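In case you want the letters, here they are:
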Amino acid sequence: MSIWFITGSSRGFGLEITRAALAAGHQVVATARKPDTVREQFPDAGDTLLTVALDVTDHQSIEAAVDAAVERFGRIDVLVNNAGTGLLAAVEESDDAAVRALYETNVFGPLAVQRAVLPVLRRQRSGHVINISSIVGFATAPGWGIYASTKFAVEGFTETLHTELAPLGIHVTLVEPGFFRTDFLDPASLHTGPDTIDDYAPTVGAMRTAAASLNHTQPGDPAKAARAIVEMAAVPEPPLRLPLGGDTLQAFDAKLDTFRKDMDAWRHVALATDHD
């Protein structure tokens, strides 16, 4: 039995991971801006579930939530950085305010949560950090540039964290889901920006249309993904990356093929830049 600390637990992946962890016999600290909405989903959880208010952009609420978790359960074994928001817009259409707001939640948020939880894991010399990335955290597409950049940032610091924490007995995993049937494409979760540029209609405009038609018909099953995450966390040597969904595998394979093709075609230029 492990103690799970999950952000963004009121809906989507956070709610399903909470459900899967409880079903597997774990104890869960489920955090959300409105924690009562989480508790309502699990009326029979009893003492195995602690719901706590947490806003990843509010450092005081983060510290208070971690303190409450340790006071209640004595430790934290698995941190799931899940809370996030989306932006579907051309890079040029994305103004500074929208970009900064996205980074506050998707990048600075998990960094702040990690800083609060990692001292607990380091004292224990054990634990597992699971950072939720995205299909576009590795292979982006028109309209997702700014959102993808936040997930690229998460991928970058998580890869490094993996190396830094391994000697301390702490595992680190990036979860990279594709399009799953959550409410991520709803207006409450995915912002599209007030202004559009006509020149991007064939690319970003088409993506907006596709996203609207895909909403709640996405191919991925979030309950299956949540169970896969909980099962992955139980293995002795969990992976650095866990891509989820056939669409993710297809997109990753295509990017790796393109990357290898470009690298091979321009290898002679790369080598020519070394000192003789």
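As the structure is a prediction and not an experimental result, all values here were calculated from the model.

## Brief notes about the sheet that holds strand β1 (residues 3–6)
As summarised here, the arrangement of the seven strands in space is β3-β2-β1-β4-β6-β7-β9, forming an open sheet in which the pairing is parallel. The open sheet has two free edges, formed respectively by β3 (49–53) and β9 (241–244), since each of these has just one partner strand. Going across the sheet, the axis of each strand differs from the next one's by a mean of 15 degrees, ignoring polarity. Here strand β2 (residues 27–32) pairs with β3 via five bridges, running parallel. Considered in β3, the bridge of Ala30 is made with Thr51. In the packing of helix α1 (residues 12–23) onto the sheet, the strands contacted are β1, β2, β3, β4 (78–81) and β7 (170–177), and the crossing angle to β1 comes to about 170 degrees.

## Considering the side chain of Thr7
Here Thr7 lies in the loop between β1 and α1. At a separation of 2.9 Å, a polar atom in the side chain of Thr7 contacts the main-chain amide nitrogen of Asn82. Within the structure, the side chain of Thr7 is placed 3.0 Å from the backbone nitrogen of Ala83, a separation counted as a polar contact. Apart from residues lying up to four places away in sequence, Thr7 is in contact with Gly14, Thr31, Leu54, Val56, Val80, Asn81, Asn82, Ala83 and Val113.

## Brief notes about the environment of Thr258
With respect to the element layout, Thr258 can be found in helix α8 (residues 246–265). Taking the relative accessible area as the measure of exposure, Thr258 reaches 45% and is therefore partly exposed. When the C-alpha positions of Thr258 and Ala30 are compared, they lie 40 Å apart, and in sequence the two are 228 residues distant.

## Some details on the pattern of salt bridges
Evaluated as defined, the whole model comprises 10 salt bridges. We note a salt bridge from Arg33 to Asp55, for which the minimum N-O separation is 3.5 Å. Placement of the pair is Arg33 in the loop between β2 and α2 (35–39) and Asp55 in the loop between β3 and α3 (59–73), with a sequence separation of 22 residues. Accessibility expressed as a relative area gives 58% for Arg33, which makes it exposed.

## Some words on the packing of helix α4 (residues 96–124) against helix α5 (residues 145–165)
For any two helices packed against each other, the geometry comes down to the angle between their axes and how far apart the axes lie. Where α4 contacts α5, the axes come no closer than 8 Å and their chain directions differ by 20 degrees. On the basis of their axis angle, the class for α4 and α5 is roughly parallel. Where α4 crosses over α5, the two elements pack in a sense that is right-handed. Residue-level contacts link Val99, Leu102, Tyr103, Asn106, Val107, Pro110, Leu111, Gln114 and Leu118 of α4 to Ile146, Tyr147, Ser149, Thr150, Ala153, Val154, Phe157, Leu161 and Leu165 of α5. For the contact of α4 with α5, the residue count by class is 14 nonpolar, four polar and no charged.

## Overview of the nonpolar core
Of all hydrophobic cores here, the largest spans 29 residues; its most connected members are Trp4, Ile17, Val28, Val80, Ile130 and Ile229. The set of elements that each furnish at least two residues to this core consists of β1, α1, β2, β4, β6 (127–132), α7 (222–233) and β9. Excluding its chain neighbours within four sequence positions, the residues that come into contact with Ile130 are Trp4, Val78, Leu79, Val80, Asn81, Thr173, Val175, Ile229, Met232 and Ala233. By size, the runner-up hydrophobic cluster in this structure holds 26 residues, among which are Val52, Val66, Val113 and Val117.

## Re the packing of aromatic side chains
A complete count under the given rule lists four aromatic pairs for this structure. With 4.7 Å between their ring centres and 55 degrees between their planes, Phe138 and Phe252 make a pair best called tilted. Within this pair, whereas Phe138 is found in the loop between β6 and α5, its partner Phe252 is found in helix α8, the two being separated by 114 residues in sequence. Take Phe252: its relative accessible area is 9%, and that puts it in the buried class. Put simply, the rings of Trp144, Tyr147 and Phe179 pair up and form one aromatic cluster. We note Lys255 situated over the ring of Phe138; from NZ or CZ to the ring centre the distance is 5.0 Å.

## Considerations on the pairing of β1
Here β1 shows two buried faces, one formed by Ile3 and Phe5 and the other by Trp4 and Ile6. Inspection of the sheet shows β1 paired to β2 by four bridges, in the parallel sense. When the sheet's bridge partners are listed, Phe5 is paired in β2 with Val29. Between the parallel elements β1 and β2, the chain passes through α1 in a crossover that is right-handed. The sheet contact formed by β1 and β4 spans three bridges and is parallel.

Definitions and cut-offs
- Residues numbered from 1 in each chain as written.
- Predicted model: local features only at pLDDT ≥ 70, side-chain atom pairs only at ≥ 80, totals over all residues.
- Heavy atoms only, no water.
- Pairing = 2+ DSSP bridges.
- Helix = DSSP H or I, 4+ residues; strand = E, 2+ residues; numbered from the N terminus.
- Axes fitted to C-alpha atoms, helices over the stretch in contact; angles between N-to-C directions.
- Contact = heavy atoms within 4.5 Å.
- Polar contact = N/O pair within 3.5 Å; in protein donor to acceptor, adjacent residues only side chain to side chain.
- Buried < 20%, exposed > 50% of the residue type's maximum accessible area, 1.4 Å probe, protein only.
- Salt bridge = Lys/Arg side-chain N within 4 Å of Asp/Glu carboxyl O.
- Parallel < 35°, antiparallel > 145°, perpendicular 65-115°, else oblique.
- Left-handed = near helix turned anticlockwise from the far one by under 90°.
- Nonpolar A, V, L, I, M, F, W, Y, C, P; charged D, E, K, R; others polar.
- Core = buried A, V, L, I, M, F, W, Y, C linked by side-chain atoms within 4.5 Å.
- Phe/Tyr/Trp six-rings, centres within 6.5 Å; stacked < 30°, edge-to-face > 60°.
- Lys NZ or Arg CZ within 6 Å of the ring centre and 35° of its normal.
- Right-handed = clockwise from strand over helix to strand, strands pointing away.

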